[in-house]
Each structure stands twice: as C-alpha cells, then as structure tokens.
Amino acid sequence: MANPASSQAEALAALQWLIEAGADEAVGEAALDRTQLPEPPRPRQASAAAKPRATKAEAASGQPASPGLPGLGDAPAAPPRSRRPTNLTPASETQADAQRLALAATSIEEIRQALEGFDGCPLKATATQLCLYDGNPDAKIMIIGEAPGGQEDRQGKPFVGPAGQLLDRMLTAIGLDRSQVFITNLLFWRPPGNRNPTPAEIAVCLPFLERQVELLEPKLLLLTGGMSAKTLLNRSQGILKLRGRWDDYRHPRLDDPIPALPTLHPAYLLRQPAQKREAWRDLLAFREAMTRAGLTPEPSEPPESPESQDPPEPKEP
Ligand code: URA
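Cut-off values and rules
- Residues numbered from 1 in each chain as written.
- Predicted model: local features only at pLDDT ≥ 70, side-chain atom pairs only at ≥ 80, totals over all residues.
- Heavy atoms only, no water.
- Salt bridge = Lys/Arg side-chain N within 4 Å of Asp/Glu carboxyl O.
- Buried < 20%, exposed > 50% of the residue type's maximum accessible area, 1.4 Å probe, protein only.
- Axes fitted to C-alpha atoms, helices over the stretch in contact; angles between N-to-C directions.
- Helix = DSSP H or I, 4+ residues; strand = E, 2+ residues; numbered from the N terminus.
- Parallel < 35°, antiparallel > 145°, perpendicular 65-115°, else oblique.
- Contact = heavy atoms within 4.5 Å.
- Nonpolar A, V, L, I, M, F, W, Y, C, P; charged D, E, K, R; others polar.
- Near = heavy atom within 4 Å.
- Polar contact = N/O pair within 3.5 Å; in protein donor to acceptor, adjacent residues only side chain to side chain.
- Areas by Shrake-Rupley, 256 points an atom, 1.4 Å probe, with all protein chains shown as cover.

S.K.: Account for the pattern of salt bridges, naming residues and giving values.
M.R.: The final tally for this structure, using the stated rule, is 13 salt bridges. For E201, the salt bridge identified is with R195, shortest N-O distance 2.7 Å. Taking the relative accessible area as the measure of exposure, E201 reaches 6% and is therefore buried. A salt bridge links D248 to R250; the shortest N-O distance between them is 3.5 Å. When its relative accessible area of 34% is taken as the criterion, D248 is described as partly exposed.

S.K.: An account of the packing of helix 4 (residues 108–116) against helix 8 (residues 199–216) is needed here, citing residue identities and associated values.
M.R.: Two numbers describe how helix 4 lies on helix 8: the axes approach to 10 Å, and their chain directions differ by 170°. One finds that helix 4 runs roughly antiparallel with respect to helix 8. Contacts between helix 4 and helix 8 involve I108, I111, A114 and L115 from the first element and F208, R211, Q212, L215 and L216 from the second.

S.K.: For the packing of helix 8 against helix 9 (residues 226–233), give the residues involved together with the corresponding values.
M.R.: A pair of packed helices is captured by two measures, namely the crossing angle of their axes and the spacing between those axes. Relative orientation of the contacting elements helix 8 and helix 9 amounts to 70°, with a least axis distance of 12 Å. The angle between the axes of helix 8 and helix 9 places the two elements in the roughly perpendicular class. Residues I202, L206 and L209 of helix 8 form the contact with helix 9, whose own contacting residues are M227, T231 and L232. The class makeup of the residues in the contact of helix 8 with helix 9 is five nonpolar, one polar and no charged.

S.K.: Report on the site of the ligand, specifying residues and quantitative values.
M.R.: The ligand sits among G145, E146, A147, P148, E152, P158, F159, N185 and H265. Between the ligand and A147, the relevant distance is 3.1 Å, taken from a nitrogen atom to a main-chain nitrogen or oxygen of the residue. H265 places a side-chain nitrogen or oxygen 2.7 Å from an oxygen atom of the ligand. Relative to its unbound accessible surface of 240 Å², the ligand loses 91% to contact with the protein. Here the shell around the ligand is built from residues that sort into four nonpolar, three polar and two charged.

Written as structure tokens, this is what we have:
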C-alpha cells in the first residue's frame, strides 16, 4: 500500500516543481492527461497515386476543368487551407479590434467593459480576472506599472501585493495616497508565473492604456520600471539609465506631451533595497513637479523617506 505521507510529499514536490516552472494557476477543474488524448487528424496529402487522371479536355487545354480542384469537374472549390487553427485571428485584426474597442469607450468603466468582452490578449485565458486600475479616475497623477502579479490577479487591482505596499509607502512619503492618483499597468492580465510580457501582449493592451490616458489627461506620469518607461517613452535604454530623468510622453491623440518620470519598480526595490535611495531622489523630483503643477499644497515639513531614514543628499549623477 502506498505510504500516504510519502505520496503527499511527492505531490507537494510536484506542485512546487510546477510553480517554479511558471504553472502557478489552475486553468481547469480536472487535470488533463495530454498523453492520453487522441492524435489530432493529420491533414491529407494528395499523393500522386490518388491524383485523378486529367480528362482529355484538360490534357488538351493544359488547364484543370475546375480552377481549385483539378479533375473534379463542377465540384465546389474547397476553401483554401490555412495552417492556423480557425479560432485564431490574425494579429493585425486583433490589433484593429483593440483600437476600435478602446476608442469607442468614453469612460474608464466603458474601458473595463470593452476589456471584459475582448479576447484578443491570450493572457486573459490564464489570468483569474481583469486587473484594470486602482485609485481615482479623476486624478491628474497617473502611475503606470508593468503587469499584475499573483495578488493583483486575485484581487483585480494593480499594486496590491508586496510591491504595491511599498508603492503606498513611497506615495505617502510625498504626501499622496491612492485617492489622489490613478494606478494602472501596461498589461491588464497577469502573465503566468509573472514572466515578462511579450511585445505582442504589450501591443494589444496599449490601445486601452492610451485610451485611459486620453480620458484622464493626467498632468504628470510616474512610470515604474523599465517595461513601462521603455514602451511609453519609446526608449531602448534600461531603467537604470532612464530613471530620474524627466521625459515627454507623447500621446497619439493629445496635443501636449505629458511630463513623465521613469523610476525604479517597487518590486525591484524589494530585491535591491540599496537602490531605494535612487528611488527616493526620483520621488523628491516628482514632488517638486507636483508642486509646480499645482497638484499639491507646499508641505510645511519635509517629507519622510519611505524607510524613515534621512533622505540622502541628492548628488549629481
Ligand atoms: N507590479 C506591477 O508592475 N504592477 C502591479 O500591479 C503589481 C506588480
């Protein structure tokens, strides 16, 4: 008889292995043994032996009687074969759909509805739910991260896990809370195992992000992490080069560029706490810009750094 303790340990080890391999969400109620599934039918190849002989008329003209099907007379032409499964839409059509749906939305809520009905991003199939935004849809400060993680996927809100908690402390340090900002991501569904988003996934979500920016018309953008900074600013450098330097975000349909500050991602700061001093310098610069833009009253006290340390003196880079 199998030892229950060892089979439980084996099951846990298998689960751990799957999680480390990135398969960390269940997508069905019952496990599917793909080795037991029947072989999909192979496309039939026309062999020379199976090919019907040409009729006399065809032989004379050198043309088949029916353009699509040599030798089959008036039989209706078969639709052209495609190598793609029929349920996949070409990327350009999906992209056009994304653009059309995003443009038709006239509020953040309508963007949510549009995304709920949009199946063009494959991440939707593995995510638990849509994760669109948190904060205030009338805010003039917008924070754009990368993609939802596990906790965001479960709660349906960006930045609610450990990185989000650090982001909250960073915001508090410059006198902000979630009621004064709009927080969203480049992607609206979690990539399995928190892998990096692919360019195609970013591209198909971008129209919806651009529509959010267009509807909010924020005065300042804080871009957390390399993925959002590179995508929105159209830069190729890494975040360590881009961070702390104000840049213009140029929206395809807004007249004026929006000042955008790339900064280090809070998840990176959790792994590299020594970099918090750089992020702190970025936050101070962001607060100054907020004051100049009339987005916050001048604080009477200097803000406390997120780690309650004295803020390091800014040095010239
Ligand atoms: N990281 C992000 O970029 N966004 C989130 O919502 C959570 C973690």
